[in-house]
Amino acid sequence: MFDLNGDGDVDSEEFERVANLARQQSSIGSRHRDHANTGNTFKGVNSALITYFFGLNLDKKLTITKFLEFQQQLQREILSLEFERKHPNEKGCITEVDFAELLLAYAGSNAKKRQRKLKRVKKRFRENSLGITKTDYLNFFHFINNIADVDTALTFYHIAGASIDQATLKHVAKTVAKVDLSDHVISVVFTIFDDNNDNQLSNREFIAVMKNRIQRGLEKPKDTGFLKLMESLLKCAKEAKPVLLDL
């Protein structure tokens, strides 16, 4: 979408044009799209980001490799900040309840249901707390970044009549996301989402909560969605008259 002239890389003008359109698809971005009335809320951020990608003179090109590296570093930094906000102990661990709170931060469930889950985790690990390391935390969020593929895999298990137990979730994480989740992390996750205490994952709720967690509350109301974005991109392409979309 960004490479409007089809040369394989992205220049600063292409990036700025499409980023402005994409920003309007988030609830936060749409509230700040009128820079004249908001004191250029995003302009400073954009300027720093564009300078990082394209240099002070904006004459460099952004490759897909550099952008993916930036994305991975940014995700890691955000997750590290979230982890540190829970004040890890001298061993560098947060509690299981802290971990559960971070997972349920954007769950969208009512307060009573959330408290029941946290109480269950607190009771289960009160006497045998091992803590959650930053590596555990980063690995788990690498896993849920592949939540669409995880959803497909768990759905196949469900259709086949197979139970979604802890070994199954560990296998799906390894196969789909190429990550080894620790047995302790999986145990905490099951404690959160095993409402009837049958040692089976309530996978529908688990997937829904994890999808919300990835969005971090920045999702756009569902009635605007992808079609509106594509309409904006086509309009932008017509005005810019790029090589590949010269309509």
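The name an unreviewed UniProt entry assigns to the protein is EF-hand domain-containing protein, from the organism Glossina palpalis gambiensis. Quoted verbatim from the Sequence similarities (unreviewed entry) field of UniProt, the annotation for the protein is "Belongs to the MICU1 family. MICU1 subfamily."

A. Examining helix α7 (residues 111-124) more closely. In this model α7 runs 20 Å from its N-terminal to its C-terminal C-alpha over 14 residues, within 8% of the 20 Å that 1.5 Å per residue would give. Regarding α7, the residues found buried are Lys117, Leu118 and Val121. Looking straight down α7, one finds that the buried residues subtend no more than 95° of arc, so they occupy a single side. For α7, the exposed residues lying more than 90 degrees away from the buried face are Lys112, Lys119, Lys122 and Lys123. The elements touched by buried residues of α7 are α6 (96-103), α11 (183-193) and α12 (203-215).

B. Inspection of the confidence of the model for the protein at higher detail. Per-residue confidence for the protein gives a mean pLDDT of 80; residues scoring 70 or more make up 79%. For residues 35-42, every residue scores under 50 in pLDDT, and the model assigns this stretch 10 contacts once sequence neighbours within four places are set aside. For residues 220-224, every residue scores under 50 in pLDDT, and the model assigns this stretch six contacts once sequence neighbours within four places are set aside.

C. View of the packing of aromatic side chains. Across all of its chains, the model carries 15 aromatic pairs by this definition. Seen in terms of ring centroids, Phe53 and Phe67 are 5.8 Å apart; in terms of plane orientation they differ by 50°. Their pairing is tilted. Of this pair, Phe53 sits in helix α4 (residues 43-54) while Phe67 sits in helix α5 (residues 64-84), placing them 14 residues apart in sequence. Centre to centre, the rings of Phe83 and Tyr137 are 5.7 Å apart; their planes meet at 45°, and the pair counts as tilted. Taken together, the positions of Phe83 in helix α5 and Tyr137 in helix α8 (residues 134-144) put the pair 54 residues apart, joining distant regions of the chain. Ring pairs connect the aromatic residues Phe15, Tyr52, Phe53, Phe54, Phe67 and Phe70, which therefore count as one cluster. For Lys66, the ring lying beneath its charged end belongs to Tyr52, and the centroid distance is 5.4 Å.

Conventions adopted
- Chains are numbered independently. Their residues run from 1 in the order of the written sequence.
- Local features in this predicted model are restricted to residues whose pLDDT is 70 or higher, and side-chain atom pairs enter the listing and the counts only when it is 80 or higher, whereas totals over whole chains, interfaces and linings include all residues.
- Side-chain metrics in this entry use all non-hydrogen atoms of the structure; hydrogen atoms and water are not considered.
- UniProt positions are given in the numbering used here, feature names are shortened, and annotations may be inferred rather than shown by experiment.
- Secondary structure counts use DSSP, requiring at least four H or I residues in a row for a helix and at least two E residues in a row for a strand, with both numbered from the N terminus.
- By definition here, a helix of n residues has an expected span of 1.5 Å times n minus one.
- To sort residues, take the accessible area from a 1.4 Å probe on protein chains only and compare it with the maximum for the residue type: under 20% means buried, over 50% means exposed, and anything in between is partly exposed.
- Note that the arc is defined by the directions from the helix axis to the C-beta atoms.
- Residue contacts are counted whenever heavy atoms from the two residues lie within 4.5 Å of one another.
- The score called pLDDT rates the predictor's confidence residue by residue, from a low of 0 to a high of 100.
- Centres within 6.5 Å are what make two rings of Phe, Tyr or Trp a pair, Trp counting through its six-membered ring; a difference in plane orientation under 30 degrees is then read as stacked, over 60 as edge-to-face, and the rest as tilted.
- Either the NZ atom of lysine or the CZ atom of arginine qualifies as a charge over a ring when it sits within 6 Å of the ring centre and within 35 degrees of the ring normal.

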